[in-house]
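For reference, the chains in residue letters:
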Amino acid sequence: MNSLARPTRRGLLAAASVGAGLLAVPGLAQRALAGAPFILKPLPPQWFVDFGTNAEMRWDSVSPRLYLTSQERLFVRDHVATPTIDASTYRLNIFGDGLSRPRTADQALSLSYADLRRLPRTRLTTVHECTGNGRSFFGTQQGTPAAGTQWTLGAVGAVEWEGVRLSTVLRRIGLDPRAVSIMATGLDANYVTGGVDYGPVRRPFSIAKALDDALLVWGADGHDLLPDHGYPVRLLLPGWVGIGSIKWLGSLEAATTEQTSPWNTKWYRMTGPTYPPDSPPLTVNPVRSAFELAWGAALVQRRILPLTGRSWSGAGRIARVDISVDGGTTWERADLRHGSGHEAWTQWEYEWRRPERGDHVVMARATDVAGRQQPLVTPFNDGGYFFDAVVRHPVTVV
Ligand SMILES: Nc1nc2c(c(=O)[nH]1)N[C@H]1C(S)=C(S)[C@@H](COP(=O)(O)O)O[C@H]1N2
Ligand SMILES: [Mo]
């Protein structure tokens with residue numbers, strides 16, 4: 001029977017592809033042995049590369065005609081596995097000494113799914129991206145592999161979210177003016193790795209971000225969130241590292257002191273040879289670009305060969321994109337397609353004139369409105385975060 005066969009295959013696939021490292025984790029090993037999938041939505045191989053607990057979108061499956069990424073096409077990044085949460089019993093607990101009337105966890109203000117959905121709703125389109133997007137290129141392009149999911153460039157999407165501004169919620173509850181940080185904690189199982197239980201996935205963020213554009217999200221692309229993307233409710237920190245957007249949001253702790261979790265001290269900050277030991281937790285995403293092409297795509301020769309793709313930045317819009325079809329020797333501007341009404345990623349097109357038959361390396365290099373330009377080399381960091389260098393994309397003209 002199909003519904004039984006699929007989880008089994010996925011469970012085995014996941015176990016095989018992640019290897020011994022993850023199987024040392026009891027929760028994951030049990031799940032794999034039980035044949036349960038980590039990710040619940042279908043991951044057709046023409047749309048996704050399946051890494052077990054993670055799955056990346058294939059850029060060659062992206063239609064140049066569609067600006068937005070639907071949830072069914074969006075990458076998934078789970079530390080453990082997607083939980084199934086009942087919206088009718090779901091609660092978001094808000095507490096901390098940073099509220100104008102301080103509350104301990106036991107005294108938390110508890111909001112139901114229905115309470116949240118009654119709040120004033122807003123829609124916002126953002127680029128949603130994993131901090132480790134592009135990680136594989138530290139190895140394949142720069143010769144220094146970084147451990148972690150070997151994403152190419154598909155751990156990203158442009159999503160139209162629906163929810164309520166966190167500032168609306170916090171203002172209604174009342175914040176202490178001395179509050180500086182908020183800890184967001186997920187309801188998924190504890191993250192256990194290398195024999196250490198790090199507790200539930202959680203990461204603090206600044207009050208400034210909370211009061212600026214952070215959202216409590218219950219929908220995307222006009223539908224309820226899918227379980228894999230945080231159903232019933234997730235946090236969204238626009239433009240910031242994906243880890244900040246805690247899925248299956250269980251609690252928010254507002255504090256008058258800086259808070260820490262392994263997700264802002266041990267992971268998701270820069271460590272390694274060229275970084276100081278006290279480098280700050282990562283926040284705003286860098287600038288990146290991708291062609292809407294398979295790796296090593298075979299392109300049929302014609303007089304003018306259009307190349308399409310997208311560029312994006314955590315800091316704002318894309319100001320310009322330069323394309324090279326000769327491995328970086330010469331560059332020409334791509335045509336940017338603004339005016340889609342959205343402010344997330346920028347679609348572009350380049351007309352490759354008279355391409356010769358044979359192997360080529362095509363490259364796209366973006367600059368954002370903040371003046372940040374993609375470098376040609378990204379300095380190595382242990383976590384393999386923020387690979388923002390221009391990717392050397394091989395193609396063959398046939
Ligand atoms: N509770 C919880 N929130 C989480 C995660 C997680 O494993 N558990 N993964 C984070 C990471 S690293 C990323 S990149 C995004 C991925 O969101 P998506 O799976 O909806 O694309 O969720 C973030 N929020
Ligand atoms: Mo991530």
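Residues numbered from 1 in each chain as written. Chains lettered and ligands numbered in written order. Predicted model: local features only at pLDDT ≥ 70, side-chain atom pairs only at ≥ 80, totals over all residues. Heavy atoms only, no water.

According to the domain assignment, the protein consists of domain 1 (1-284) and domain 2 (287-397). Look at where the C-alpha atoms of domain 1 and domain 2 centre, and you get two points 27 Å apart. Facing the 45 residues of domain 1 at the interface are 37 residues of domain 2. Summed over both sides, the interface of domain 1 with domain 2 buries roughly 3,500 Å², with 63% coming from carbon and sulfur. The largest share of the area that domain 1 buries against domain 2 comes from Trp 59, Tyr 67 and Phe 138, three residues that together contribute 22% of it. At the boundary of domain 1 with domain 2, the tally comes to one salt bridge. Where Glu 129 meets Arg 288, a salt bridge forms, and the shortest distance between an N and an O atom there is 2.9 Å. The interface formed by domain 1 and domain 2 holds 18 residue pairs in polar contact (both at pLDDT 80 or more) in total. Among the elements of the structure, strand E6 (122-129), helix H4 (136-140) and strand E7 (156-165) are those that each provide at least two residues to the side of domain 1 that touches domain 2. Here the side of domain 1 that touches domain 2 is composed, by residue class, of 24 nonpolar, 16 polar and five charged. (Domains from an automatic or database assignment. Contact = heavy atoms within 4.5 Å. Buried area = accessible area lost by both parts, 1.4 Å probe. Salt bridge = Lys/Arg side-chain N within 4 Å of Asp/Glu carboxyl O. Polar contact = N/O pair within 3.5 Å; in protein donor to acceptor, adjacent residues only side chain to side chain. Helix = DSSP H or I, 4+ residues; strand = E, 2+ residues; numbered from the N terminus. Nonpolar A, V, L, I, M, F, W, Y, C, P; charged D, E, K, R; others polar.)

Of the residues in the protein, 91% have a pLDDT of 70 or more, and the chain-wide mean is 92. Per-element averaging of pLDDT across the protein places helix H1 (residues 2-23) at the bottom with 36 and strand E14 (residues 234-236) at the top with 99. Taken as a whole, residues 1-26 scores under 50 in pLDDT and shows 31 contacts with residues more than four places along the chain or in a different chain. (pLDDT = per-residue confidence, 0-100.)

We now examine the packing of aromatic side chains. Going through the model one piece at a time under the given rule, you end up with 16 aromatic pairs. Aromatic pair Phe 137 and Trp 295: ring centres 5.4 Å apart, planes at 45 degrees, arrangement tilted. One end of the pair, Phe 137, is in helix H4; the other, Trp 295, is in the loop between strand E16 (287-291) and strand E17 (297-299), with 158 residues separating them in the sequence. Given a relative accessible area of 49%, Trp 295 falls into the partly exposed group. Measuring from centroid to centroid gives 5.8 Å for Phe 137 and Phe 387, while their planes differ by 40 degrees, and the two rings are tilted. Of this pair, Phe 137 sits in helix H4 while Phe 387 sits in the loop between strand E23 (358-368) and strand E24 (393-397); the two residues are 250 residues apart in sequence, bridging distant segments of the chain. Grouping aromatic residues by their ring pairs yields a cluster made of Phe 137, Phe 138, Trp 295, Phe 380 and Phe 387. Sitting above the plane of the Trp 47 ring, Arg 73 keeps its charged end 3.7 Å from the centroid. (Phe/Tyr/Trp six-rings, centres within 6.5 Å; stacked < 30°, edge-to-face > 60°. Buried < 20%, exposed > 50% of the residue type's maximum accessible area, 1.4 Å probe, protein only. Lys NZ or Arg CZ within 6 Å of the ring centre and 35° of its normal.)

What follows deals with the site of ligand 1. Of all residues adjacent to ligand 1, which total 20 residues, the nearest are His 79, Asp 188, His 229, Arg 234 and Lys 247. Within the backbone of Arg 77, one N or O atom sits 3.0 Å away from an oxygen atom of ligand 1. Here His 128 contributes a side-chain N or O atom positioned 3.0 Å from an oxygen atom of ligand 1. The pocket occupied by ligand 1, as judged from atoms lying within 2 Å of grid points, is the largest cavity. (Near = heavy atom within 4 Å. 1 Å grid on protein atoms, 1.4 Å probe; cavity = no way out; pocket = protein on both sides within 12 Å on 5 of 7 lines; lining within 4 Å. Sits in = over half its atoms within 2 Å of the grid points.)

This part takes up the sheet that holds strand E19 (residues 318-324). With mixed pairing, five strands are arranged side by side in an open sheet as E17-E24-E23-E19-E20. The open sheet is flanked by E17 and strand E20 (332-333), the only strands paired with a single partner. Where E19 meets E20, two bridges bridge the pair, whose relative direction is antiparallel. When the bridges of E20 are listed, Ile 323 appears paired with Glu 332. (Pairing = 2+ DSSP bridges.)

So, on to the side chain of Arg 269. With respect to the helices and strands, the residue Arg 269 is situated in the loop between helix H7 (262-265) and E16. For the buried Arg 269, which has no salt bridge, the nearest side chain bearing the opposite charge is Asp 278, at an N-O separation of 6.1 Å. The contacts of Arg 269, once residues within four sequence positions are left out, are Asn 264, Pro 276, Pro 277, Asp 278, Ser 279, Pro 280, Pro 281, Leu 282 and Tyr 385. (Lys, Arg positive; Asp, Glu negative; His and termini not counted.)

Moving on, we come to the layout of surface pockets. Taken as a whole, the second largest pocket spans an internal volume of roughly 280 Å³. Taken together, 17 residues make up the lining of the second largest pocket; nearest its centre are Trp 59, Thr 152, Leu 293, Ala 294 and Trp 295. Elements represented by at least two residues in the lining of the second largest pocket include exactly strand E2 (54-57), H4 and E16. The greatest single-element share of the lining of the second largest pocket, amounting to three residues, is contributed by H4. Taken together, the residues that form the lining of the second largest pocket break down as ten nonpolar, four polar and three charged. The residue makeup of the lining of the second largest pocket includes at least three contributed by each of domain 1 (1-284) and domain 2 (287-397). (Points joined across faces, edges and corners; volume = space filled by probe spheres on them.)

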